[in-house]
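Close look at the chain arrangement
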Amino acid sequence: SLLRGRTYALRAVLTDEHGGEIDTTGVKLQWSVDKSVFTKQTARDGILLVTPTVEGVQSTVEVALRDVQCIDAYIGTSQTIHIVSPVAIVRNIADTLLLPLSGEYYPLCVGGSHQYEWTIADSSIVSVSQDGKLTGISTGSTVLTCADASNASNRDTIVVSVDKVAALRALEKRKEFVVGQRGAI
C-alpha cells in the first residue's frame with residue numbers, strides 16, 4: 001500500500017536467469033502509470049518518483065525495456081498498488097489529549113485500512129484496549145500510537161496527559177462583553 005500525498009521512489013530491477021541483479025545504468029525504461037491516480041516525475045537510472053493523488057483505489061504501474069529489438073518478446077512487468085490515506089488520530093484543538101484520572105475515552109483514528117493497532121508508550125499512566133479505549137491510571141504524560149493493522153509504518157501519535165480532574169465538560173453558555181463598556185457581562 002502507498003499513502004496518498006507522499007512521494008515514492010519506484011525501482012525497476014533487471015535480473016539474470018539465476019536471479020542476480022543486472023546493472024540498469026544507461027538502460028532505457030518505459031514507465032506507465034495512471035495519471036488520474038499518480039503524479040509522475042522524471043524517471044532516471046531505473047527509478048521513477050510517483051505521488052499518489054487519490055485514495056481507496058488500486059492502480060497498476062508498468063515498466064518495460066524501451067527500444068529493444070526482440071521479436072515476439074515483451075520484457076517488462078507490472079505491479080498493482082493499493083492507495084490508502086495516511087492514518088491520523090483526530091484532534092479537536094490541541095495536540096495533547098487530556099484524560100481525567102480513572103476516566104475513559106475512545107480516540108478516533110481515520111485513514112489506512114480502517115483496522116488499527118493501538119499502543120501506549122507507558123502503560124503505568126494510561127491503559128489502551130484493542131479497540132482503542134483509553135483509561136487513565138496515574139498522573140503523567142505518555143504517547144499513544146494508532147497504526148494501520150495492514151501497514152505498521154502508516155501510523156500517527158498523540159501525547160496523552162492524565163491529570164487529577166473530576167471531569168471535563170463543555171461550558172453551557174458563552175458570555176461576551178466589550179472592553180470599556182460599563183455593565184456588559
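Our structure is the block above this text.
Residues numbered from 1 in each chain as written. Predicted model: local features only at pLDDT ≥ 70, side-chain atom pairs only at ≥ 80, totals over all residues. Heavy atoms only, no water.

1. Remarks on unusual backbone geometry
Here S102, not a glycine, exhibits a phi torsion of approximately 70 degrees, which is positive. Look at H114: it is not a glycine, yet its phi comes out positive at around 70 degrees. Mapped onto the secondary structure, H114 falls in the loop between β13 (109–110) and β14 (116–120). Judged by its relative accessible area of 54%, H114 is exposed. (Helix = DSSP H or I, 4+ residues; strand = E, 2+ residues; numbered from the N terminus. Buried < 20%, exposed > 50% of the residue type's maximum accessible area, 1.4 Å probe, protein only.)

2. Topic: the pairing of strand β17 (residues 140–148)
Here β14 runs beside β17; their pairing, made up of 5 bridges, is antiparallel. Residue pairing across strands places Y116 opposite D148, the latter belonging to β17. Following β17, the chain reverses through 2 residues before pairing antiparallel with strand β18 (residues 151–163). (Pairing = 2+ DSSP bridges.)

3. Things to note about the pattern of salt bridges
Evaluated as defined, the whole model comprises 5 salt bridges. Between R91 and D95 there is a salt bridge, with its nearest N and O atoms 3.3 Å apart. On the accessibility criterion, R91 (28% relative accessible area) is partly exposed. Of the residues examined, D95 reaches a relative accessible area of 57% and is grouped as exposed. A salt bridge links D156 to R91, with the shortest nitrogen-to-oxygen separation between them at 2.9 Å. (Salt bridge = Lys/Arg side-chain N within 4 Å of Asp/Glu carboxyl O.)

4. Here we look at the state of the cysteines
Applying the stated criterion across every chain, the model contains 1 disulfide. Across the disulfide from C109 sits C146; the S-S distance is 2.1 Å. Linking C109 and C146, the disulfide has an S-S dihedral of approximately -110 degrees and is accordingly described as left-handed. On the criterion of sequence distance, the pair formed by C109 in strand β13 and C146 in strand β17 is long-range, its members being 37 residues apart. (Disulfide = S-S within 2.5 Å.)

5. As for the sheet that holds strand β1 (residues 2–3)
Taking strand neighbours across the sheet as the criterion, the 4 strands line up as β1-β9-β8-β5 in an open arrangement whose pairing is mixed. What marks the edges here is a single partner per strand, and that holds for β1 and β5 (29–32). Judged from the 4 bridges that link them, β5 and strand β8 (residues 57–65) form a sheet pairing that is antiparallel. By the bridge assignment, L29 is partnered in β8 with L65.

6. Some points on the environment of I83
By the element assignment, I83 lies in strand β9 (residues 76–84). Overall, I83 belongs to the buried group, its relative accessible area being 0%. In this structure I83 touches L2, R4, V37, F38, P52, V54, E55, G56 and V57, once residues within four positions along its chain are discounted. (Contact = heavy atoms within 4.5 Å.)

7. Considering the environment of E117
Along the chain, the position of E117 falls in strand β14. Judged by its relative accessible area of 45%, E117 falls in the partly exposed class. Separated by 14 residues in the primary sequence, E117 and D131 place their C-alpha atoms 8.0 Å from one another. Discounting chain neighbours no more than four positions away, the residues touching E117 are T145, C146, A147 and A149.

8. As for the sheet that holds β14
Taken in spatial order, the 4 strands make up an open sheet running β11-β18-β17-β14, and their pairing is mixed. The sheet is open, and its two edges are formed by β11 (96–100) and β14, each paired on a single side. Neighbour-to-neighbour, the strand axes of this sheet turn through a mean angle of 30 degrees, independent of strand direction. (Axes fitted to C-alpha atoms, helices over the stretch in contact; angles between N-to-C directions.)

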